[in-house]
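# Chains, contacts and geometry: an overview
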Amino acid sequence: MTTLAASMLRDRTEADDVVEEALLRIHAAGAQFRGERGLRTWVLRIAANLCRDRLRRRKFTAPLPEHDEDPFAAAGLTFDPTVAMDEALDGQVLMAALERAIAALPEDQREAVVMRHRLGLSYTEMTDMLGVPEGTVKSRLARALTTLRTAMEEFR
Amino acid sequence: MSLEKNDERIAKLIRATHAPADPAVLARARARIAAMGESSEPAWVRWLARPAVLAASGGLLAVTLAAGGWMLRSAAVGLVETSGTIETVAISDLLGDDGSYGLAFDESGSSESTVGDSGSVR
């Protein structure tokens with residue numbers, strides 16, 4: 001939940017608020033959980049809905065300041081250093097470039113990328129969570145990957 | 001690098017990033033859940049106990065008491081004034097112009113009346 005909220009909101013304080021709120025909702029609505037979609041999907045769906053609410057509200061308020069220097073710091077994200085070490089280039093720069101590109105994606109594409117590649121959800125789980133057909137999920141992912149590919153072109 | 005390999009690489013890098021959960025968030029959520037459990041009284045009681053409702057109730061009570069007191073005072077004063085007037089009117093009505101109670105004052109002191117009990121006139 002924290003990873004999803006931090007990746008979507010790009011603000012650790014707000015992400016923590018969302019997680020806290022989600023935990024309360026999960027506790028309050030626990031009796032309504034029927035297990036049709038799996039606990040993980042249900043929990044993440046609550047968090048995703050809260051993130052969407054926050055992002056919608058953010059459109060009417062001042063936008064968050066840009067954190068070009070370190071896109072991980074403000075979002076409260078960390079990366080596995082061994083993965084970055086595998087890369088020939090400077091790991092920090094590479095990961096920061098990718099994170100900036102993810103942050104710049106449209107909301108629906110960012111959500112799809114985070115759910116599929118960061119959280120490792122299946123297409124079925126994603127269609128359940130997002131409430132859209134599988135084709136829509138795949139097309140969002142394809143568009144997002146095209147953008148990320150372009151952004152990462154210089155690091156190939 | 002082929003397109004597929006490049007996508008795999010990007011996916012691998014995306015997967016390597018995560019946000020560790022903050023234990024303080026869990027503690028806060030736990031405390032809030034515990035606080036919710038403690039307040040087991042019905043929702044309407046909790047609604048009534050809200051500061052805004054309590055303040056409004058207090059204000060309404062004060063206004064009602066003030067209005068009630070004012071009305072009681074007005075009624076008491078009105079009653080005294082009205083009763084005094086009634087008394088004055090009643091006595092003045094009973095008194096004739098000469099200050100008597102409407103009965104002719106016989107100065108001769110004669111006790112004979114012009115009309116007898118039998119109704120005959122002498």
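Anything mentioned here points back to the structure above.
Residues numbered from 1 in each chain as written. Chains lettered and ligands numbered in written order. Predicted model: local features only at pLDDT ≥ 70, side-chain atom pairs only at ≥ 80, totals over all residues. Heavy atoms only, no water.

We now examine the overall build of chain B. Per the secondary structure count, chain B includes 4 helices and 1 strand. For chain B, the succession of helices and strands along the chain, N to C, is α-β-α-α-α. Evaluated residue by residue, chain B yields a buried proportion of 11% over its 122 residues. Working note: accessible area of chain B is about 9,900 Å², and carbon and sulfur atoms make up 65% of it. (Helix = DSSP H or I, 4+ residues; strand = E, 2+ residues; numbered from the N terminus. Buried < 20%, exposed > 50% of the residue type's maximum accessible area, 1.4 Å probe, protein only. Areas by Shrake-Rupley, 256 points an atom, 1.4 Å probe, with all protein chains shown as cover.)

The partner chain A presents 35 residues to the 26 residues of chain B that form the contact. Between chain B and chain A, a total of about 2,800 Å² is buried, with carbon and sulfur atoms accounting for 60% of that surface. A per-residue breakdown of the area chain B buries against chain A is headed by B:Leu13, B:Ile14 and B:Thr17, which together make up 22% of the total. At the surface where chain B touches chain A, the tally comes to 4 salt bridges. Two residues, B:Arg28 and A:Glu20, come together in a salt bridge whose shortest N-O distance is 2.6 Å. At the junction of chain B with chain A, the criterion picks out 8 residue pairs in polar contact (both at pLDDT 80 or more). (Contact = heavy atoms within 4.5 Å. Buried area = accessible area lost by both parts, 1.4 Å probe. Salt bridge = Lys/Arg side-chain N within 4 Å of Asp/Glu carboxyl O. Polar contact = N/O pair within 3.5 Å; in protein donor to acceptor, adjacent residues only side chain to side chain.)

Time to look at helix 7 (residues 107-118) of chain A. Residues and elements named next belong to chain A. With 12 residues, helix 7 extends 15 Å between its outermost C-alpha atoms, agreeing within 8% with the 16 Å of an ideal straight helix rising 1.5 Å per residue. For helix 7, a buried count of 9 out of 12 residues is recorded, marking the element as mostly surrounded by other parts of the structure. Buried residues of helix 7: Gln109, Arg110, Glu111, Ala112, Val113, Val114, Met115, His117 and Arg118, and no others. After helix 7 finishes, the residue Gly120 shows a positive phi value of roughly 70°. (Expected span 1.5 Å × (residues − 1).)

In terms of nonpolar packing, the biggest core is built from 57 residues, with A:Leu4, A:Leu98, A:Met115, A:Met126, A:Leu148 and A:Met152 touching the most fellow members. With 9 residues, helix 3 (residues 39-58) of chain A is the largest single contributor of residues to this core. Viewed by domain, this core spans two of them, domain 1 (1-64) and domain 2 (78-156) of chain A, each represented by three or more residues. Setting aside residues up to four positions removed in sequence, A:Met152 forms contacts with A:Leu94, A:Ala97, A:Leu98, B:Ile10 and B:Leu13. (Core = buried A, V, L, I, M, F, W, Y, C linked by side-chain atoms within 4.5 Å. Domains from an automatic or database assignment.)

We now examine the side chain of A:Arg58. Within the element layout of this structure, A:Arg58 appears in helix 3. Residue class for A:Arg58 comes out buried when judged on its relative accessible area of 16%.

So, about the packing of aromatic side chains. Residues and elements named next belong to chain A. This structure, assessed with the given rule, holds 0 aromatic pairs over all chains. We note Arg116 situated over the ring of Tyr123; from NZ or CZ to the ring centre the distance is 4.1 Å. In this structure, Lys138 packs its charged tip against the face of Tyr123, placed 4.9 Å from the ring centre. (Phe/Tyr/Trp six-rings, centres within 6.5 Å; stacked < 30°, edge-to-face > 60°. Lys NZ or Arg CZ within 6 Å of the ring centre and 35° of its normal.)

Although it is not a glycine, A:Arg10 adopts a positive phi angle of roughly 60°. Structurally, A:Arg10 can be placed in the loop between helix 1 (2-9) and helix 2 (12-28).

Attention shifts here to a nonpolar patch on the surface. Together, B:Trp44, B:Trp47 and B:Leu48 make up a nonpolar patch on the protein surface, roughly 380 Å² of accessible area in all. Mapped onto the fold, B:Trp44 is located in helix 3 (residues 43-48). (Patch = residues over 30% accessible without salt bridge, like charges linked within 9 Å, V, L, I, M, F, W, Y side chains within 5 Å.)

Before going further, it helps to examine the side chain of A:Glu111. All names here are of chain A. Position of Glu111 relative to the elements: it lies in helix 7. Within polar-contact distance, the side chain of Glu111 engages the side chain of Arg52 at 2.9 Å. Setting aside residues no more than four positions away along its own chain, Glu111 makes contact with Met8, Ala48, Arg52 and Leu130.

Right, let's get into the pattern of salt bridges. Under the definition given, this model contains 13 salt bridges over all chains. Close ionic contact of B:Asp7 with A:Arg149 constitutes a salt bridge, the shortest N to O distance being 2.7 Å. Taken as a pair, B:Asp7 in helix 1 (residues 3-15) and A:Arg149 in helix 9 (residues 134-151) lie in two separate chains rather than in one. Each member of the pair B:Asp7 and A:Arg149 is classed as buried. Here the residues in one salt-bridge network are A:Glu20, A:Glu21, B:Arg28 and B:Arg32, joined through shared partners.

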